[in-house]
Amino acid sequence: MARRRRWSFFMPAEEHRLLRYLSDRYRAWLTPLGQATLWGTGAAALMMLWGLPPAMTFFSFCSGMLLGAIVVGLPFRPRLALSRRMPPPVSAGDTLLYRVVVENRGSRPARKVVVEERNLPPELKPTGEPPVLEQLAPGEQAEVNLSLECTTRGAYELPWLQAASFFPSALVKWPRRAPGKERLLVYPRFTPLERFEVPHGRNYQPGGIPTASSVGESTELAGTREWREGDRMRDIHWPSLARTGRLVVKEYQEEYFVRLAMVLDVEARTARDDALFERSLSLAAGIADVLARQEYIIDIFAAGSQVFHFQAGRALAHFEHILEILACLEAEDRLDMNALEAALLPEAGKLSAVVLVMMDWDEERAGLIRKLKAHGVAVRVLSVRPDRRPEGLAPDEVVELP
């Protein structure tokens, strides 16, 4: 998934698509020595325009070396199979270490094989020198280690794993590309919080835990009893029927537990807002980490021009699934408050509390808070803009930024 970028003339060169493409192909086909030879060819061509006599000789020498390297290297192009062994996801700012298995499927040895990732998004940066296999016999396998610095959270594709031989010229690399793409998830960077106080009132949840988990419609099994007129056939307890010869049905108890909502405001209109948005997701990840350690149902509402509703907690999903949701969220240019109220307020009667991570503070957002409180829902509000502190709320309803 390509991340949204705000174009600027002053953005880093690696974020310009054309420059990144040309730079990647340049490094994919030429070794450092070959790159120097290519630059020498270009310099000699410029000197020829000024009529310097030695320039023709130098140009012929450099260009001849490159052409000769292409010709002599082609017969040694290896037949290789490549596969990645990916570890669990890392957080933004961390370095991902993983293994690559290289197998020689040709009939001749593969020499001087360099393994590297190509065509990477600018948020993923290779670290260190790419590993080189001196020789790989036919049918032999070897493992190498690669590392990527993951600067920004998100869902990415590793599109092009390359193994290339620069034997015998050491100037030009003849590559083989692994088929298929690998998905890479980078979680938001966050600092685990020691505690996060929320009200602990338990509300009745129709259908209980299994309904919240989307695994049926019944509540918690309490025992069995004699059949009564109107009982459902699917509630018959067949082992008891076989043992006693009488109709016995399963009896359930209703479930009450804590259900919380986390509202994530994804409105970001400027580059400064984008930085604040990343901070808001990091804070949300820290809060979710605290809540996920307890027996809560957590509803996540991502609110922009549309509202996306996810549910996690207890049997529904692990904390890693919450991080995956946060990793994939994209900022939008506006917040549709009507859509958010239509999605959130009907659920208010089942919620113990709502945690709101807001990108701004204005009358519309304050109005939503008042409506939630009118439904008897406790609120905890966090505004990531340092100049827009929530107003008109009790001290315990405002979360101070760490």
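Keep in mind it's a predicted model, so treat the numbers as computed, not measured. (Residues numbered from 1 in each chain as written. Predicted model: local features only at pLDDT ≥ 70, side-chain atom pairs only at ≥ 80, totals over all residues. Heavy atoms only, no water.)

**Q** What am I meant to see in unusual backbone geometry here?
**A** Most peptide bonds take the trans form, and the phi angle of most residues other than glycine is negative. Phe167 connects to Pro168 through a cis peptide bond whose omega is 5 degrees. Topologically, Pro168 is positioned in the loop between β9 (160-165) and β10 (174-177). Located in the positive-phi region is Ala170, a residue other than glycine, with phi close to 65 degrees. Residue position: Ala170 is located in the loop between β9 and β10. (Helix = DSSP H or I, 4+ residues; strand = E, 2+ residues; numbered from the N terminus.)

**Q** Honestly, the layout of surface pockets in this entry has me stumped. Any pointers?
**A** Empty space among the atoms can be located by rolling a probe the size of a water molecule over them. For the largest pocket, the calculated volume is near 830 Å³. As for the largest pocket, its lining consists of 33 residues, of which Arg27, Glu116, Glu117, Arg118 and Pro126 are closest to the centre. Elements with a minimum of two residues in the lining of the largest pocket: α1 (17-29), α2 (32-49), β4 (110-118), β5 (124-126) and β7 (141-150). Classifying every residue of the lining of the largest pocket by side-chain character gives 15 nonpolar, eight polar and 10 charged. (1 Å grid on protein atoms, 1.4 Å probe; cavity = no way out; pocket = protein on both sides within 12 Å on 5 of 7 lines; lining within 4 Å. Points joined across faces, edges and corners; volume = space filled by probe spheres on them. Nonpolar A, V, L, I, M, F, W, Y, C, P; charged D, E, K, R; others polar.)

**Q** What exactly am I supposed to notice about the nonpolar core here?
**A** Side chains of a nonpolar character, in soluble globular proteins, are inclined to be buried together. If you look at the biggest cluster of nonpolar residues, it comprises 41 residues, and the most contacted ones within it are Phe196, Leu264, Phe277, Leu291, Ile322 and Leu326. Among the secondary structure elements, those contributing two or more residues to this core are β11 (182-187), β15 (256-265), α6 (271-292), β16 (296-303), α7 (319-328) and β18 (353-358). Take this core: its biggest share by element is 10 residues, from α6. Once residues lying within four places of it in the same chain are set aside, the contact partners of Leu326 are Arg153, Pro188, Leu264, Leu281, Ala284 and Ala285. Ala92, Val102, Val113 and Leu161 belong to the second-largest nonpolar core, a separate cluster that totals 27 residues. (Core = buried A, V, L, I, M, F, W, Y, C linked by side-chain atoms within 4.5 Å. Buried < 20%, exposed > 50% of the residue type's maximum accessible area, 1.4 Å probe, protein only. Contact = heavy atoms within 4.5 Å.)

**Q** Which parts of the structure should I look at to understand the side chain of Arg84?
**A** Along the chain, the position of Arg84 falls in strand β1 (residues 80-85). Here the side chain of Arg84 touches Glu117 through a polar contact of 2.8 Å, side chain to side chain. A distance of 3.4 Å separates the side chain of Arg84 from the backbone oxygen of Leu158, its partner in a polar contact. Leaving out residues up to four positions away in the same chain, Arg84 has contacts with Tyr98, Arg99, Val100, Glu117, Leu158, Trp160, Leu161 and Glu182. (Polar contact = N/O pair within 3.5 Å; in protein donor to acceptor, adjacent residues only side chain to side chain.)

**Q** What exactly am I supposed to notice about the sheet that holds strand β8 (residues 154-158) here?
**A** With mixed pairing, the three strands of this open sheet are ordered in space as β2-β11-β8. Taken across any chain shown, the strands that pair with only one partner, and hence form the sheet edges, are β2 (90-91) and β8. The pairing of β8 with β11 spans five bridges and is antiparallel. When the bridges of β11 are listed, Tyr156 appears paired with Leu184. Sitting on the sheet, α7 touches β8 and β11, and the angle it makes with β11 is about 95 degrees. (Pairing = 2+ DSSP bridges. Axes fitted to C-alpha atoms, helices over the stretch in contact; angles between N-to-C directions.)

**Q** Can you walk me through the packing of α2 against helix α3 (residues 53-73) in this structure?
**A** At their nearest, the axes of α2 and α3 sit 8 Å apart, and the two run at 150 degrees to each other. As far as their axial angle goes, α3 and α2 are roughly antiparallel. Remark: the crossing between α2 and α3 carries left-handed chirality. Within the contact between the two elements, α2 uses Gly34, Thr37, Leu38, Gly40, Thr41, Ala44, Ala45, Met47 and Met48 and α3 uses Ala55, Met56, Phe58, Phe59, Cys62, Ser63, Met65 and Leu66. Its residues assigned to classes, the contact of α2 with α3 shows 12 nonpolar, five polar and no charged. (Parallel < 35°, antiparallel > 145°, perpendicular 65-115°, else oblique. Left-handed = near helix turned anticlockwise from the far one by under 90°.)

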